[in-house]
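# Descriptive structure summary
For reference, the chains in residue letters:
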Amino acid sequence: SRPGHFDGVCTVVLKLFNLVRPKVALFGSKDYQQLQVIRAMVRDLNLGVEVVGMPIVRDPDGLAMSSRNAYLSAGQRAQALCLSQSLDLAEQVVAAGERDSAVILAAVQSHIEQHDSAEIDYVNLVDASSLEMVNGSIGPSSLVALAVRFGNARLIDNRVLRLPPVPSGEHSVVV
């Protein structure tokens, strides 16, 4: 939703990598899109850096830690919990057997929209590797990515949805 943003990120990270020459670089998974863009840059430019995605750090109540959380009023912070709750909901819907991306997205968006201070920037379901939008049935590894405003704070969060393995002896059928 912010054209050109990742061009600037890549420029800054590439300059840093050229100065430091790391063998390994750790990036948080909260900005999953940024992580994947940096992985692609490293691969495309043969930089020889291993890019490792680190887990999202969350407060005990589930809100993803961010310096932007300081801009939330107490009420907005309470409502912002709907982000991690909506991602939990997406996991539950998939675990119950749902595979239709539109149904999964509708459940997530509906949960967020129940919170009056939430202003959705985007709610997307994409392939976790390519970041291409998923239309129709989700694949074995899909990402729900959110950007939602609460007052002046634009918060992001995400969750990789993994399909449960097919029990041995059974065959999966794509329709």
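## Let's talk about the sheet that holds strand E5 (residues 153–162)
With antiparallel pairing, the three strands of this open sheet are ordered in space as E3-E4-E5. Every other strand in the sheet has two partners, leaving strand E3 (118–127) and E5 as the edge strands with one partner each. The sheet shows a mean angle of 15° between the axes of neighbouring strands, taken without regard to direction. Across nine bridges, the pairing between E3 and strand E4 (residues 141–150) is antiparallel. Counted as the bridge partner of Asn 124 is Ala 145 from E4. Contacts from helix H4 (residues 82–95) reach E4 and E5, with the element oriented near 20° to E5. Contacts between helix H5 (residues 101–113) and the sheet are confined to E3, E4 and E5, with E3 contributing the most and set at about 160° to the helix.

## Remarks on the packing of aromatic side chains
Considering all chains together, one arrives at one aromatic pair under this definition. With 6.4 Å between their ring centres and 75° between their planes, Phe 17 and Phe 27 make a pair best called edge-to-face. Of this pair, Phe 17 sits in helix H1 (residues 5–20) while Phe 27 sits in strand E1 (residues 24–28); the two residues are 10 residues apart in sequence, bridging distant segments of the chain. Look at Phe 27 and you get buried, because its relative accessible area is 15%.

## Considering the nonpolar core
In this structure, Leu 83, Ile 104, Ile 112, Val 144, Leu 146, Phe 150 and Leu 155 are the most contacted members of the largest nonpolar core, which totals 26 residues. Setting aside chain neighbours within four positions, we find Ile 104 in contact with Ala 90, Val 93, Val 94, Glu 98, Arg 99, Leu 125, Ile 138 and Leu 161. Listed in part, the 12 residues of the second largest apolar core include Val 9, Cys 10, Val 42 and Val 51.

## Structural notes on unusual backbone geometry
Its identity is not glycine, yet Asn 46 carries a phi of approximately 50°, on the positive side. Turning to its location among the elements, Asn 46 is positioned in the loop between helix H2 (32–44) and strand E2 (50–54). You can call Asn 46 exposed: its relative accessible area is 68%. We note that Leu 131 has phi near 65°; this positive angle belongs to a residue other than glycine. With respect to the helices and strands, Leu 131 occurs in the loop between E3 and E4. The class for Leu 131 is partly exposed, based on a relative accessible area of 23%.

## Some details on H4
With 14 residues, H4 should cover 20 Å at 1.5 Å per step; its first-to-last C-alpha distance of 19 Å lies within 8% of that length. All buried positions along H4 are accounted for by Cys 82, Leu 83, Ser 84, Ser 86, Leu 87, Ala 90, Val 93 and Val 94. Residues of H4 that are buried make contact with helix H3 (74–80), H5, E4 and E5. Just downstream of H4 lies Gly 97, where phi reads positive at about 110°.

## Concerning the side chain of Asp 59
Looking at the secondary structure, you find Asp 59 in the loop between E2 and H3. Asp 59 has contacts with Met 65, Asn 69 and Arg 77, leaving out every residue within four places of it along the chain.

What counts and what doesn't
- Residues numbered from 1 in each chain as written.
- Predicted model: local features only at pLDDT ≥ 70, side-chain atom pairs only at ≥ 80, totals over all residues.
- Heavy atoms only, no water.
- Pairing = 2+ DSSP bridges.
- Helix = DSSP H or I, 4+ residues; strand = E, 2+ residues; numbered from the N terminus.
- Axes fitted to C-alpha atoms, helices over the stretch in contact; angles between N-to-C directions.
- Contact = heavy atoms within 4.5 Å.
- Phe/Tyr/Trp six-rings, centres within 6.5 Å; stacked < 30°, edge-to-face > 60°.
- Buried < 20%, exposed > 50% of the residue type's maximum accessible area, 1.4 Å probe, protein only.
- Core = buried A, V, L, I, M, F, W, Y, C linked by side-chain atoms within 4.5 Å.
- Expected span 1.5 Å × (residues − 1).

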